[in-house]
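Spelled out from the first residue to the last, the chains are:
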Amino acid sequence: LSSAPAAVAYLRSVLPSTTEDAFFDYLATLDTSEVTVSAVPEGSVVFARVPFLQVKGPLLVVQLLETMLLCLVNYASLVATNATRFRLLAGPNVKLMEMGLRRAQGPDGALSASKYSYIGGFDCTSNILAGKLYGIPVRGTIAHSFIMSFTSLEEVQPRLLPLAVGKPVDLPALAESWLRRVCELLQTPPEKANRGELGAFVSYAITFPCDFQGLLDTYCTRRSGLPNFCAVALALHQLGYRAIGVRLDSGDLAQQSKEIRRVLRACGAHFQVPWFETIPIAVSNDISERSLEEFSREGSEINMIGVGTNLVTCPLQPSLGCVYKLVEVNGSPCLKLTEDEEKMTIPGTKTIYRLYDAAGHPFMDLMALEEEPSPSAGQELVVRVLGQLGETSKVVPTTVEALHRIYFRDGQV
């Protein structure tokens with residue numbers, strides 16, 4: 001934090017004319033060399049009314065930091081929490097991809113959503129810049145517009161797929177021969193399979209033979225998208241490659257996933273390609289928490305879920321009300337009194353401990369004044385529960401963890 005001359009000049013132009021010159025002189029010297037910031041580690045579970053960030057320093061400086069810090073932690077905590085809700089509903093075995101860039105609250109919101117969705121339990125993002133900046137795994141699939149840009153197999157250029165051994169192969173011709181065999185197995189007319197879609201799949205496969213995947217619902221999933229995908233995937237298999245997945249973006253996703261899995265199993269068994277039945281199935285299309293509940297209730301063959309709008313905009317709770325309150329000045333505790341009990345502050349500088357039972361499960365977060373002795377494992381503690389301050393309880397933790405870590409001190413991160 002520093003005040004450049006231009007910033008001080010701007011403040012001079014908007015503040016009342018009676019503001020003393022000494023104040024602007026002070027602003028010109030402002031820095032955070034005496035500020036200390038401690039917090040729980042990023043990605044930690046925190047609970048209501050338990051301070052997860054503490055700032056110490058000169059009063060005016062830490063007051064100026066209020067809006068900036070709240071801006072940084074409110075949306076980040078909200079999105080991470082929302083991502084965790086999706087993760088808990090999806091379970092540990094389904095991959096979750098954040099793909100909310102188009103719906104996010106501007107570029108800054110989009111980058112924050114990608115970062116904190118990953119912290120909250122998502123596996124990857126479609127936001128390449130977030131991947132570059134934060135090291136998040138990036139994933140993506142074919143776009144409908146790419147598939148729609150093809151009208152026939154004749155548009156595929158180049159046509160030849162180079163091989164590690166042997167001459168290059170005309171992949172469009174090989175895929176079309178496989179399409180006839182697939183349609184015969186599935187008892188669907190080959191002429192119903194859109195040749196532009198087949199051309200798009202073949203073109204993609206020539207470019208990315210080791211990463212071929214298909215978006216199945218541009219035209220008709222059952223009669224076109226799925227047969228075309230199987231034809232190209234089987235052609236690649238014949239040449240030593242393995243397709244990596246399919247995606248659905250419309251319709252009854254759970255039911256379609258089961259139908260697709262049946263077709264993949266049938267092709268795998270009939271053409272003696274064992275891995276074919278395990279091809280991952282990804283879905284998208286305005287996925288919400290309710291969608292995940294329906295997938296679980298109905299049963300599905302879904303392996304990956306792409307979530308966008310309902311992840312990054314947090315429609316069930318669009319904002320998080322973290323607050324930044326003064327609790328001590330010059331060693332004297334401060335208390336905000338209000339008729340709204342929830343807005344009353346807890347005075348004094350505090351240390352936060354997480355208490356664990358013998359099974360290693362956390363069962364309580366303990367707030368103590370900074371000057372109080374640290375609790376120890378095996379020690380009987382007399383505690384008061386927030387909201388029930390007239391009552392005391394006794395607990396004996398097996399493990400005690402101090403939650404806050406110092407992240408900024410003496411002007412340095």
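The structure displayed is predicted, hence computed values, not measured ones.

A. Structural context of the sheet that holds strand 14 (residues 362-369). Reading across from one edge, 14-13-17 is the order of the 3 strands in this open sheet, with antiparallel pairing throughout. Whereas interior strands pair on both sides, the edge strands pair on one side only; in this sheet they are strand 14 and strand 17 (399-402). Here the average twist between neighbouring strands, direction ignored, is 25°. Bridging between strand 13 (residues 350-356) and strand 17 involves 4 bridges; their strand directions are antiparallel. From the neighbouring strand, Y356 faces strand 17, where its bridge partner is T399.

B. Structural view of the packing of aromatic side chains. Counted according to the given criterion, the structure contains 10 aromatic pairs. Arranged with centres 5.1 Å apart and planes meeting at 80°, the rings of W178 and F271 form a pair that is edge-to-face. A residue pair is termed long-range when its members are at least 10 positions apart, and W178 in helix 8 (residues 171-186) and F271 in the loop between helix 11 (253-270) and strand 9 (281-283) qualify at 93 residues. Each member of the pair, W178 together with F271, is buried. Arranged with centres 5.4 Å apart and planes meeting at 15°, the rings of F212 and F229 form a pair that is stacked. With F212 in the loop between helix 9 (195-207) and strand 7 (213-215) and F229 in helix 10 (residues 221-238), this pair connects stretches of sequence that are 17 residues apart. On the accessibility criterion, F212 (0% relative accessible area) is buried. Grouped by ring-pair contacts, the aromatic residues F146, F150, F201, Y204, F208, F212 and F229 constitute a single cluster. Positioned over the ring face of W178 is R181, at 4.0 Å from the centre of the ring.

C. Region of the structure containing the pattern of salt bridges. Taken as a whole and judged by the stated rule, the model has 11 salt bridges. Salt-bridge contacts for E370 lead to K56; the nearest nitrogen and oxygen are separated by 2.5 Å. With E370 in the loop between strand 14 and strand 15 (381-385) and K56 in strand 2 (residues 53-56), this residue pair connects regions lying 314 residues apart in the sequence. For K56, a relative accessible area of 34% translates into the label partly exposed. The shortest N-O distance in the salt bridge between E176 and R195 comes to 3.1 Å. With a gap of 19 residues between them, E176 in helix 8 and R195 in helix 9 connect regions that are remote in the sequence. Classification of E176 by relative accessible area gives partly exposed; the value is 26%. Within the structure, one salt-bridge network assembled from shared partners comprises R261, R265 and E301.

D. Summary view of the domain arrangement of the chain. In terms of domain boundaries, the chain breaks down into domain 1 (31-51 + 330-412) and domain 2 (81-313). Here the C-alpha centroids of domain 1 and domain 2 sit 47 Å apart.

E. Seen up close, the pairing of strand 15. In this sheet, strand 16 (residues 388-395) lies alongside strand 15 in antiparallel orientation, the contact comprising 4 bridges. Residue pairing for strand 16: V383 is matched across the bridge by S393.

F. Focus on the packing of helix 4 (residues 66-90) against helix 12 (residues 289-298). Orientation of helix 4 relative to helix 12, taken along the N-to-C sense of each, is 10°, at an axis distance of 9 Å. What the angle tells us is that helix 4 and helix 12 run roughly parallel. Of helix 12, the residues touching helix 4 (which contributes N82, R85, F86, L89 and A90) are E289, L292 and E293. Grouping the amino acids of the contact of helix 4 with helix 12 by side-chain chemistry returns 4 nonpolar, 1 polar and 3 charged.

What counts, and at which threshold
Residues numbered from 1 in each chain as written. Predicted model: local features only at pLDDT ≥ 70, side-chain atom pairs only at ≥ 80, totals over all residues. Heavy atoms only, no water. Pairing = 2+ DSSP bridges. Helix = DSSP H or I, 4+ residues; strand = E, 2+ residues; numbered from the N terminus. Axes fitted to C-alpha atoms, helices over the stretch in contact; angles between N-to-C directions. Phe/Tyr/Trp six-rings, centres within 6.5 Å; stacked < 30°, edge-to-face > 60°. Buried < 20%, exposed > 50% of the residue type's maximum accessible area, 1.4 Å probe, protein only. Lys NZ or Arg CZ within 6 Å of the ring centre and 35° of its normal. Salt bridge = Lys/Arg side-chain N within 4 Å of Asp/Glu carboxyl O. Domains from an automatic or database assignment. Parallel < 35°, antiparallel > 145°, perpendicular 65-115°, else oblique. Contact = heavy atoms within 4.5 Å. Nonpolar A, V, L, I, M, F, W, Y, C, P; charged D, E, K, R; others polar.

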